[in-house]
Amino acid sequence: MNVAPSATLRPKARLVHTLGSELISSEHVALMELVKNAYDADATEIVVRFSGRLLQGEGQIDVWDNGHGMTAKTVTDVWLDIATPYRQKNQRSESGTRRVLGEKGIGRLAASRIGRFTEICTRREFGTEVSFVLDWDDFNRDIYLDEIHVNVEENSAVVFTENGEAANLFQSAAQYHGTVVRMNQLKQAWTAIDISRLRLELARMIPPKPDDALGEIVHPSHSIRLELPEEFRELEGPVVATDVLDHPDYSIVGILDEDGTAVLQYRERRSGKTEDIAKIFRVSGSEAGTSRRPRCGPLSVDIRVWDLDTEAFKSARTALNIESASVREYRRHIKDHSGIGLFRDGFRVQPFGQSSFDWLNLDARRVNNPTFGVVKQPNKRIYIHHGK
Ligand SMILES: Nc1ncnc2c1ncn2[C@@H]1O[C@H](COP(=O)(O)OP(=O)(O)OP(=O)(O)O)[C@@H](O)[C@H]1O
Ligand SMILES: [Mg+2]
């Protein structure tokens, strides 16, 4: 028998594009990945800045954060390490205050979807500034991944300094550390519709104002702001949860303890009716032949439901003081935010809450339930906040 020399698998450069484009479904999701990285880096402020003409092959998008930044060593050992297990191994952020969102080690490849070039500039507090550029076109060439060389430069700081570009960007007191991921020569044009979609997706990541009955809810510890060219100015500014969601026609709010005890209240806005509901939910899973029960801490439950007829709109308009909105706009607003989200630490856990993802199988249960069957499905928004 001939023994062949041991063979190894060697990825072609195009694998990076395959990962970037197959696993990241859209430009919006791609930007979201970069925002999540900023959050994982303990950033309290994230600025997504569009500049130039937002046409294919032109323009620029920067994702700025005032997070902890990276050393040259982190850049080479972690950022340039594809499928890095860094976040999987470190599930708390560096400050220890956040549970990180990253785990797969590929989110940053999302940048390859947005523009031809990605330029990173990063600085840790009191450190040097580290920068490098990737030309994603290199990854289309028929070469191996390890044949692409990245020039990681280390210089004295100019961007994250007292007079640098970052200084005027963040509102919080002097913090000369952070990261900017700058993508230019855009792969697609961005219209006002695309940008408002992005704004909506970002807004859907943060919980709306919680109901008073829920007591102390963990608020987001970070803010996101959009900076846009002149012609998109009305879409510019901080990304905030919409207040249209503050006045549902019906709601059920309360706390579900870790042992399954629920103390909830049902309310109808227009009639003023309220009803207390006390219920014990059995945690399923224990009877399935395993002794392991799914574990879950206490939850705050916030179910909001709207009628979308004109009467309901008129009454909401008075409550909300929204003179200018039309019924159509109001309905669209509610629909845009429909879904059942699961929030932890003031951040929506994806994919729970994505409009197309009926993770509680409510549609199928509605079809199978004759009492539900006669009722046209109302629009619902359910927030489940997970505290600790
Ligand atoms: N803005 C940033 N600031 C500091 N470090 C960052 C930043 N962006 C990325 N990194 C570093 O690069 C690593 C890779 O990021 P990437 O998003 O590709 O993977 P991940 O966050 O570990 O996992 P996932 O693929 O699930 O997002 C991160 O683990 C982090 O160490
Ligand atoms: Mg990530």
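Quick notes on the rules
Residues numbered from 1 in each chain as written. Chains lettered and ligands numbered in written order. Predicted model: local features only at pLDDT ≥ 70, side-chain atom pairs only at ≥ 80, totals over all residues. Heavy atoms only, no water. Axes fitted to C-alpha atoms, helices over the stretch in contact; angles between N-to-C directions. Helix = DSSP H or I, 4+ residues; strand = E, 2+ residues; numbered from the N terminus. Parallel < 35°, antiparallel > 145°, perpendicular 65-115°, else oblique. Left-handed = near helix turned anticlockwise from the far one by under 90°. Contact = heavy atoms within 4.5 Å. Nonpolar A, V, L, I, M, F, W, Y, C, P; charged D, E, K, R; others polar. Phe/Tyr/Trp six-rings, centres within 6.5 Å; stacked < 30°, edge-to-face > 60°. Buried < 20%, exposed > 50% of the residue type's maximum accessible area, 1.4 Å probe, protein only. pLDDT = per-residue confidence, 0-100. Pairing = 2+ DSSP bridges. Salt bridge = Lys/Arg side-chain N within 4 Å of Asp/Glu carboxyl O. Near = heavy atom within 4 Å. Polar contact = N/O pair within 3.5 Å; in protein donor to acceptor, adjacent residues only side chain to side chain. Areas by Shrake-Rupley, 256 points an atom, 1.4 Å probe, with all protein chains shown as cover.

Moving on: the packing of helix α2 (residues 27-40) against helix α6 (residues 192-203). At a minimum axis separation of 10 Å, α2 and α6 run at an interaxial angle of 45°. Judged on the interaxial angle alone, α6 and α2 are oblique. Between α2 and α6 lies a crossing whose hand is right-handed. Listed contacts from α6 to His 28, Leu 31, Met 32 and Val 35 of α2 are Asp 194, Arg 197, Leu 198, Glu 201 and Leu 202. When its residues are assigned to classes, the contact of α2 with α6 shows five nonpolar, one polar and three charged.

Following both chains from N to C, one finds helix α7 (residues 310-320) and helix α8 (residues 327-336) inclined at 85°, their axes separated by 10 Å at the closest point. Classed by the angle they form, the pair α7 and α8 counts as roughly perpendicular. Judged by residue contacts, Thr 310, Phe 313, Ala 316 and Leu 320 of α7 engage Val 327, Tyr 330 and Arg 331 from α8.

A full pass over the atoms with the stated rule returns eight aromatic pairs. On the basis of an interplanar angle of 50° and a centroid distance of 5.2 Å, the ring pair of Phe 313 and Tyr 330 is categorised as tilted. Placement of Phe 313 in helix α7 and of Tyr 330 in helix α8 is noted, with a sequence separation of 17 residues between them. Taking relative accessible area as the criterion, Tyr 330 reaches 3% and is therefore assigned buried. Between Phe 352 and Trp 359, the aromatic rings sit 4.7 Å apart at their centres with planes inclined by 70°, giving edge-to-face as the arrangement. Residue Trp 359 is classed as partly exposed on the basis of its relative accessible area of 25%.

Turning next to the confidence of the model for the protein chain. Averaged over all residues, the pLDDT of the protein chain equals 85, while 89% of them reach at least 70. Considering each helix and strand of the protein chain separately, the mean pLDDT is smallest for helix α10 (residues 370-373), with a value of 52, and largest for strand β2 (residues 60-65), with 98. Contacts from residues 373-378, a stretch scored under 50 in pLDDT, to residues over four places away or in other chains number six contacts.

What follows covers the pairing of β2. Moving residue by residue along a regular strand, the side chains alternate between the two faces of the sheet. Of all six residues that make up β2, six are buried, and the element is covered over most of its length. Judged by which residues are buried, β2 turns out to be covered on both faces: Gln 60, Asp 62 and Trp 64 on one side and Ile 61, Val 63 and Asp 65 on the other are all buried. Inspection of the sheet shows strand β1 (residues 45-51) paired to β2 by six bridges, in the antiparallel sense. Bridging from a neighbouring strand, Phe 50 pairs with Ile 61 of β2. With six bridges joining them, β2 and strand β6 (residues 178-186) adopt antiparallel strand pairing.

Summed over all chains, the structure comprises 27 salt bridges. Two residues, Arg 49 and Glu 227, come together in a salt bridge whose shortest N-O distance is 3.1 Å. Of this pair, Arg 49 sits in strand β1 while Glu 227 sits in strand β7 (residues 223-227), and the two are 178 residues apart along the sequence. A residue is classified by how much of its surface remains accessible, and Arg 49, at 17% relative accessible area, is buried. One salt bridge connects Glu 201 with Arg 197, and the closest N-O pair in it is separated by 3.5 Å. Of this pair, Glu 201 and Arg 197 both sit in helix α6, four residues apart, which is roughly one turn of the helix. Under the relative-accessibility criterion, Glu 201 is labelled partly exposed at 21%. Taking relative accessible area as the criterion, Arg 197 reaches 37% and is therefore assigned partly exposed. Among the charged side chains, a salt-bridge network with shared partners connects Arg 49, Asp 62, Glu 165, Arg 182, Arg 225 and Glu 227.

Taken together, 18 residues form the shell around ligand 1, and within it Asn 37, Glu 103, Ile 106, Gly 107 and Arg 108 come nearest. At a separation of 2.8 Å, an oxygen atom of ligand 1 approaches a polar side-chain atom of Asn 37. Residue Glu 103 places a main-chain N or O atom 2.7 Å away from an oxygen atom belonging to ligand 1. Considered on its own, ligand 1 offers 600 Å² of accessible surface; in the complex 96% of this is hidden by protein. Among the elements of the structure, α2, α3 (72-79) and α4 (86-89) are those that each provide at least two residues to the shell around ligand 1. Looking at side-chain class alone, the shell around ligand 1 contains six nonpolar, six polar and six charged residues.

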